[in-house]
Amino acid sequence: VTSLLFVLLLILLFLTLSGQISRAPVFTPQAMMNRQNPRLHEAFSLFWNRGNPEVEIPDLLVSHDRLCIYRPTKDVLFPDGSIRNLARYKIPYNIHLDINPTQHAAEDATVIKERWEALKYGQRTNHFITENNIGHHTYHCLQGVLNLADNLEEDGGFVCVPGWTKHYATWLEKNTDYLASIDTPSVQFDSSHWLNKYARRISMRAGSIVIFDSRTAHGAGPNNSSHIRCAQFIKMFAVTEFNSCILQARKATIEQQMRINNFLPHLTPLGRTVFGLDLTHKTPARQGLGRGSAQGGQRGRGRIQGQGW
């Protein structure tokens, strides 16, 4: 607990005034320990084979993403004994998709493959964040939010639209032309969008994780309490023919970060697996990569507006 609190205090130094999300991926020992936790791997594996032991679970790699802290905004006690409300620290409510729907659904996966090939890692640790927005319908895309502190309804944080994946294909088909015009790696639904009324806050205890399909519309709500909200973003994904090209560069950067953060003494056999340190160039056999020309992606999110969506 002491080490975790120390890590959180360090993170606070790098947060923006709104108290939202660290700008760069975090490789601190506690964050890495969470990523190699056996229970985390077990949880993602259950989704992979749907509880069917006959379905082989591939080697899963864990993401190296960011952490977030939402500062208290209501009845905050200050050292001078005063109690204040800090509305300026509230983040804007939002729901979004961390994938580009058109690229995710395309039969011609050239764009996806080229986006993976563009990742170099090394000094560009933000490429660990970029990889979170690359997904394709031919393989599982699962994301997770790990709560590091008890998170009540009023504390703000994760929201999602339950059951949205059941309607995702229909929504995509009806809006194909508009979505095709969006070239950003993710999309955000405007505050006036009808989907907002179906979004629900998901509160959790410390140590709990919510895992969801990347096609799920999700986001976050503002903190309306005197408590802190703290979470770590984690996803796991399998090696495919799309991303096998980045294994060596990714591995070298992770090893460098472990040395910098003195994590090597804490590395476990499972950690070696989920960090991809022992992974050879083996990929599942998949066919069907097209040869269409890829368009350059942009950072940020495309915005989906209006009530007619």
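These numbers come from a predicted model, not from an experiment. (Residues numbered from 1 in each chain as written. Predicted model: local features only at pLDDT ≥ 70, side-chain atom pairs only at ≥ 80, totals over all residues. Heavy atoms only, no water.)

## Quick look at the state of the cysteines
Part 1 of the reasoning: Inspection of the entire model under this criterion finds 0 disulfides.
Part 2 of the reasoning: There is no disulfide at C68, and the cysteine sulfur nearest it, in C230, is 6.6 Å away. (Disulfide = S-S within 2.5 Å.)

## Details of the pairing of strand 5 (residues 94-97)
Part 1 of the reasoning: Of the two faces of strand 5, both are covered, the one formed by N94 and H96 as well as the one formed by I95 and L97.
Part 2 of the reasoning: As defined by bridge partners, strand 5 adjoins strand 11 (residues 218-221) across 3 bridges and the pair is classed as antiparallel. Opposite H96, over in strand 11, you have H218 as the bridge partner.
Part 3 of the reasoning: Sheet topology note: the strand 5/strand 8 (residues 186-189) ladder contains 3 bridges and is antiparallel. Note that in strand 8 the partner of H96 across the bridge is Q188. (Buried < 20%, exposed > 50% of the residue type's maximum accessible area, 1.4 Å probe, protein only. Helix = DSSP H or I, 4+ residues; strand = E, 2+ residues; numbered from the N terminus. Pairing = 2+ DSSP bridges.)

## Details of empty space enclosed by the protein
Part 1 of the reasoning: Inspection of every chain in the model, using the stated rule, returns 2 cavities of 30 Å³ or more.
Part 2 of the reasoning: Around the largest cavity sit W116, E131, I134, Y139, H140, C141, L142, K235, M236, F237 and N243, which together line it.
Part 3 of the reasoning: Broken down by element, the residue count for the lining of the largest cavity peaks at 3 residues, all from strand 12 (residues 229-238).
Part 4 of the reasoning: One number sums up the size of the second largest cavity: a volume of about 30 Å³.
Part 5 of the reasoning: Lining the second largest cavity are L61, L247, R250, K251, F275 and G276. (1 Å grid on protein atoms, 1.4 Å probe; cavity = no way out; pocket = protein on both sides within 12 Å on 5 of 7 lines; lining within 4 Å. Points joined across faces, edges and corners; volume = space filled by probe spheres on them.)

## Here's the deal with the nonpolar core
Part 1 of the reasoning: If you look at the biggest cluster of nonpolar residues, it comprises 43 residues, and the most contacted ones within it are M32, F44, W116, M236, I254, M258 and F275.
Part 2 of the reasoning: Take this core: its biggest share by element is 5 residues, from strand 12.
Part 3 of the reasoning: Excluding its chain neighbours within four sequence positions, the residues that come into contact with I254 are M32, H64, F128, F275 and L277.
Part 4 of the reasoning: In terms of nonpolar packing, the next biggest core, distinct from the first, is built from 16 residues, I99, W171, L172 and A199 among them. (Core = buried A, V, L, I, M, F, W, Y, C linked by side-chain atoms within 4.5 Å. Contact = heavy atoms within 4.5 Å.)

## A few points about unusual backbone geometry
Part 1 of the reasoning: Of note in this structure, D75 is not a glycine but carries a positive phi near 50°.
Part 2 of the reasoning: Its location among the elements puts D75 in the loop between strand 2 (67-70) and strand 3 (76-77).
Part 3 of the reasoning: Notably, Y121 is not glycine yet its phi reads approximately 60°, a positive angle.
Part 4 of the reasoning: Residue position: Y121 is located in the loop between helix 5 (110-117) and helix 6 (127-130).

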